[in-house]
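# Overview (structure and organization)
Chain residues, written in single-letter form:
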Amino acid sequence: MLDKLQKIKERYNSLSEKLASPDALSDRAAWRELGREHAQLEEIVLVYDNYARLSEQLAECKAMLAERLDADMKEMVLEEQAGLEEQLTALTEALRALLLPKDPNDEKDVLLEIRAGTGGDEASLFGADLLRMYLRYAERHGYKVEFIDENMTELGGVKEVVLSLSGKRGAYSRLKFESGAHRVQRVPETESQGRIHTSAATVAVLPEVDDIQIEIKESDLRIDTYRASGAGGQHVNKTSSAIRITHMPAGVVVACQNERSQLQNKEQAMRLLKSKLYETQQQQQNAALASAKKSLVGSGDRSERIRTYNFPQGRVTDHRIGMTLYKLDAFMDGDLDEMIDALIVAERAAQLSGEM
């Protein structure tokens, strides 16, 4: 492990020199790529430097203990040695976690899709609550939000909505844990007898992909146009600007009606199609591994129930890691980090134990 860390530090120092070179900005694309790699290595190098510094201090302590010391001095050195060994143990675990293989999609922007599930109007209204939750999360973290498709009910609920979240590195690395079925337990506003109802909405988080990663043949596509429907929008129901694209070999269907022109809607629909086809491709590649060993934090399948939001008790429970937070109001206001951080820790722990 130490040899690998030393090579990483050498690469980091080399990148630092290149980025500081007066000629570095002559090729901006290359400069950005160097900067990206430099940023990825920085956390590892900082932890490794701390590890090396404490290792030197520990060696000095051991050298002192080999000398003739009075009782008080020996006790002080032994106490310092114990503290250093404890810190080095923690840093060793941190470095092991940092050296784990990274998900190649972690640095990508995301497309986030919310669909109403079972539960009728209440499921759609819960979908709208999830939409607000993710919009607040995006606002807290400085993501740029773009609506790709939006299909709302007359009551303000969500039938289906697709968002793009971009502008900040690592969006997918955190939001990927949101994929799956979200269940809500609460008393609907229309319930006169105060009975608790259970309904659900599904969330899919897809890494946004580019043309290099996946190719789409025009001959594989069926493109239909139709009039946009739903609440809002000056152009709704006036022109046949909405686009539906079917990728016939995969049976994947996407649609977009949010933009004013067919061309704009087609471009947005193609963005979503590429990400969905990429997701299907990834699932097929990982099928053998997934059948043998299931990730602690879930498969990402949108049919898998991952979380329950219980409004009467003010709690939210993530079933993959058995974590319950009694701060539902804050959670629904976009304060997701405590839960997401716990899911990241669980994923790393599973990787370290060889379960993934």
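Residues numbered from 1 in each chain as written. Predicted model: local features only at pLDDT ≥ 70, side-chain atom pairs only at ≥ 80, totals over all residues. Heavy atoms only, no water.

### Some details on the nonpolar core
Threshold: To form a nonpolar core, buried Ala, Val, Leu, Ile, Met, Phe, Trp, Tyr and Cys residues must be joined to one another through side-chain atoms within 4.5 Å. Only protein chains enter the area calculation, which uses a 1.4 Å probe; residues under 20% of their type maximum are buried, those over 50% are exposed, and those in between are partly exposed. In DSSP terms, a helix is any run of H or I states spanning at least four residues, a strand is any run of E spanning at least two, and both are numbered starting from the N terminus. In this analysis, two residues are considered to be in contact whenever any of their non-hydrogen atoms come within 4.5 Å of each other.
Counting 37 residues, the largest nonpolar core has Ile 114, Leu 130, Met 133, Tyr 134, Tyr 309 and Phe 331 as the members making the most contacts within it. Going through the elements one at a time, β1 (110-116), α4 (120-141), β3 (158-166), α5 (171-175), β5 (197-207), β11 (323-325), α8 (328-332) and α9 (337-352) are the ones with two or more residues in this core. The element contributing the most residues to this core is α4, with eight residues. Ignoring anything within four residues of it in the chain, the contact list for Ile 114 reads Gly 127, Leu 130, Leu 131, Tyr 134, Val 158, Lys 159, Glu 160, Val 161, Thr 202 and Val 203. In terms of nonpolar packing, the next biggest core, distinct from the first, is built from 20 residues, Leu 41, Leu 54, Cys 61 and Leu 84 among them.

### Quick notes on the sheet that holds β5
Put simply, the rule reads: For two strands to be treated as a pair, DSSP must find no fewer than two bridges joining them. As a rule, the C-alpha atoms of each element are fitted with a line to give its axis, helices using only the stretch in contact, and angles between N-to-C directions run from 0 to 180 degrees.
Read from one edge to the other, the open sheet built from eight strands follows the order β2-β3-β1-β5-β4-β9-β10-β11, with strand pairing classed as mixed. Since the sheet does not close on itself, it has two edges, and those belong to β2 (144-152) and β11, each with one partner. Taking the axes of each pair of neighbouring strands and ignoring which way they run, one obtains an average angle of 15° across the sheet. Here α4 sits on the sheet and contacts β1, β2, β3, β4 (180-186), β5 and β9 (305-310); the angle it forms with β5, its principal contact strand, is near 45°. Together, β9, β10 (315-318) and β11 form the strand contacts of α9, whose direction differs from that of β11 by roughly 170°.

### Some details on the confidence of the model for the protein chain
Condition: Confidence per residue, as judged by the predictor, is encoded in pLDDT with a range of 0 to 100.
Here the protein chain averages 84 in pLDDT, while 89% of its residues score no lower than 70. Across residues 232-237 the pLDDT falls below 50, and counting only partners more than four positions away or on other chains, this stretch makes twelve contacts in the model.

### A look at the pairing of β1
Burial within β1 is extensive, with five of its seven residues counted as buried. Relative to β3, β1 runs antiparallel, the two being bridged by six bridges. Paired with Val 110 across the strands is Leu 165, a residue of β3. Judged from the seven bridges that link them, β1 and β5 form a sheet pairing that is antiparallel. Considered in β5, the bridge of Val 110 is made with Pro 207.

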